[in-house]
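# Commentary on secondary and tertiary structure
One-letter residues, chain by chain:
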Amino acid sequence: DQRLVDPRIDVSSAFAFPLSELDEAERASFLADGFNSRGSPEWERLVGLVLWVEESVAGPQFETEFRERFDVETFIDWLALHFLIADIDSFADDYWLHLDHDDDAARWVVIPWDKDLAFGSHYRTGYGIANDFFTYEKRIGTGWNNPMVNLFLDTPGLRAELQTRMHELMEEVFPPAWFEEKVAAIWEGIGDSVLRQPGPDAFVNHPKNHFSAQDVPDLHLETILEFVRLRYAYLDRWLNPEPGPTLEASLPIDVSDLPERIALTDADGFTVADIEFLSVPAASGSMTMRVREDAAQPGIDRVWTLESDLPAFDAVLRLYYRNDLPTAFSGDNWYSGGLDPVGRQEELQLAERFGVSSDVIEGSFANPYANMAGAPVRIEPGLSREFVLTLP
């Protein structure tokens, strides 16, 4: 699909343009002028596809007709993978439509391209380095007024098939461990050149596709893996919605099937905290984490309250905060240092609060690019404990 650039046209996708309002003789040339193309397209076939979308309504009939026109398997994978990596800059003009004219049984196939704005990165007006922000809370939708995709998502049978495929991809094909292996392998091959400073024998940095600092690769690699884990937790809430309060997460813990790490994620899909088990509790139980605003905090203006009825165990506790520009995605900035996406966030420390004072926990660490700080802790049962993120 090609975004239509005529200033008189107030749509982001060609599928949103009322093609039926043009004279029949003008439709093919209108699309030919608005699309990039390869080969010798038969524009009348695209006219038919766009008109069909314009006339369609979501439901069983659309599902039947969609299956007649599209390679459903590749279309679902195209959607699912974009949702997994949170590439929302994909549904207006960042794909090709292909139809094999030599095969009478051929169906339309979607071919993706331009994947720079993914894994938390996105353009922000007035700020050149998009990667310094960390955003995984991108909704499941097009965001580009693409009726073809919206009709798909609003059709129960097709949407259910997409959800099943997303589960399969996250759990079996691309689990977090797959990303860990892939990131390590890619870094082994490109790490030296990535860290090379700009010059005659190096690429020029793209200011919107690099971090502001290049000398902390461990933090950047961790940020990619943190994105995958938190994005998957966010998607799990979309696939398995449960009502509940925001900024509060409760989770039963089964020690007979204990993962290495668990995300405490609220009903909206935001992960307020993460527990990495260093020892196994002696019995099953549950944990609850709540976050509330407290403007008196000198680093992040929030307080995390943890309650657990599990027998005592050792863990690494990670707390997550939001750091975003107003109007950009969540639009909620918890970092009290202003709108600078990094600032002194690399100096954040995890502390336990006791009344009006707090004690920094030994071994505290932070990753400003992943909006996270943590420390090793001993979690005891039956206590309500408050944690904060402070600056020295």
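Residues numbered from 1 in each chain as written. Predicted model: local features only at pLDDT ≥ 70, side-chain atom pairs only at ≥ 80, totals over all residues. Heavy atoms only, no water.

## Overview of the overall build of the protein
When helices and strands are tallied, the protein shows 8 helices and 13 strands. When each of the 392 residues of the protein is scored for burial, the buried share is 47%. When contacts within the protein are restricted to residue pairs at least 6 apart in sequence, long-range pairs at least 24 apart make up 66% of them. Entry remark: accessible area of the protein is about 18,900 Å², with carbon and sulfur atoms responsible for 51%. Counting 30 positive and 70 negative side-chain charges, the protein places the centres of these two groups 2 Å from one another. (Helix = DSSP H or I, 4+ residues; strand = E, 2+ residues; numbered from the N terminus. Buried < 20%, exposed > 50% of the residue type's maximum accessible area, 1.4 Å probe, protein only. Contact = heavy atoms within 4.5 Å. Areas by Shrake-Rupley, 256 points an atom, 1.4 Å probe, with all protein chains shown as cover. Lys, Arg positive; Asp, Glu negative; His and termini not counted. Charge placed at Lys NZ, Arg CZ, Asp CG, Glu CD.)

## Looking at the sheet that holds strand β6 (residues 285-293)
Ordered by their spatial adjacency, 6 strands build an open sheet running β3-β6-β7-β13-β9-β10, and the pairing between neighbours is antiparallel. Because the sheet does not close on itself, it has two edges, and the strands there are β3 (248-253) and β10 (357-360). Here the average twist between neighbouring strands, direction ignored, is 30°. Here 6 bridges tie β3 to β6, and the two strands are oriented antiparallel to one another. Along β6, the bridge assignment pairs Pro252 with Ser286. (Pairing = 2+ DSSP bridges. Axes fitted to C-alpha atoms, helices over the stretch in contact; angles between N-to-C directions.)

## Quick look at the packing of helix α6 (residues 156-173) against helix α8 (residues 217-239)
Put simply, α6 and α8 touch, their axes get as near as 11 Å, and they point 150° apart. Considering their axes alone, α6 and α8 lie roughly antiparallel with respect to each other. Crossing handedness for the pair α6 and α8: left-handed. Every residue of α8 that contacts α6 at Arg159, Gln163, Met166, His167 and Met170 is listed here: Tyr232, Leu235, Asp236, Trp238 and Leu239. Taken together, the residues of the contact of α6 with α8 sort by class into 6 nonpolar, 2 polar and 2 charged. (Parallel < 35°, antiparallel > 145°, perpendicular 65-115°, else oblique. Left-handed = near helix turned anticlockwise from the far one by under 90°. Nonpolar A, V, L, I, M, F, W, Y, C, P; charged D, E, K, R; others polar.)

## Overview of the environment of Leu235
In this structure, Leu235 sits in helix α8. Taking the C-alpha atoms as reference points, Leu235 and Met170, separated by 65 residues in sequence, lie 9.5 Å from one another.

## Quick word on α8
Its 23 residues place the ends of α8 33 Å apart at the C-alpha level, agreeing with the 33 Å of an ideal helix rising 1.5 Å per residue. Counting buried positions along α8 gives 17 out of 23 residues, so the element sits mostly inside the fold. (Expected span 1.5 Å × (residues − 1).)

## So, the sheet that holds strand β4 (residues 261-265)
One open sheet accounts for 5 strands, arranged β4-β5-β8-β12-β11; its pairing is antiparallel. In this open sheet, the two edge strands, each paired with only one partner strand, are β4 and β11 (365-367). Averaged over neighbouring strand pairs, the angle between their axes works out to 25° when direction is ignored. Contacts from α8 reach β4, β5 (271-277), β8 (313-320), β11 and β12 (372-379), with the element oriented near 60° to β4.

## Observations concerning the environment of Leu22
The topology assignment puts Leu22 in the segment before α1 (27-34). In this structure the C-alpha to C-alpha distance between Leu22 and Asn333, which are 311 residues apart in sequence, comes to 46 Å. Residues in contact with Leu22, not counting those within four places in the same chain, are Phe17, Arg27 and Phe30.

## Some words on a nonpolar patch on the surface
Together, Ile186, Ile190, Val194 and Leu195 line one region of the surface with nonpolar side chains, adding up to about 280 Å² of accessible area. Relative to the elements of secondary structure, Ile190 occurs in helix α7 (residues 176-195). (Patch = residues over 30% accessible without salt bridge, like charges linked within 9 Å, V, L, I, M, F, W, Y side chains within 5 Å. Salt bridge = Lys/Arg side-chain N within 4 Å of Asp/Glu carboxyl O.)

## Things to note about the pattern of salt bridges
One pass over the structure, following the stated rule, counts 22 salt bridges. Linking Arg261 and Glu226 is a salt bridge whose minimum nitrogen-to-oxygen distance equals 3.0 Å. Of this pair, Arg261 sits in strand β4 while Glu226 sits in helix α8, and the two are 35 residues apart along the sequence. A residue is classified by how much of its surface remains accessible, and Glu226, at 2% relative accessible area, is buried. Among the salt bridges present, the one from Arg318 reaches Glu276, with a minimum N-O distance of 2.8 Å. Of this pair, Arg318 sits in strand β8 while Glu276 sits in strand β5, and the two are 42 residues apart along the sequence. Here Arg318 falls in the buried class, since its relative accessible area comes to 9%.

## Let's talk about unusual backbone geometry
The phi torsion at Leu247 lies on the positive side, around 55°, for a residue other than glycine. The backbone phi angle of Asn371 is positive, close to 50°, even though this residue is not glycine. Look at Asn371 and you get buried, because its relative accessible area is 2%.

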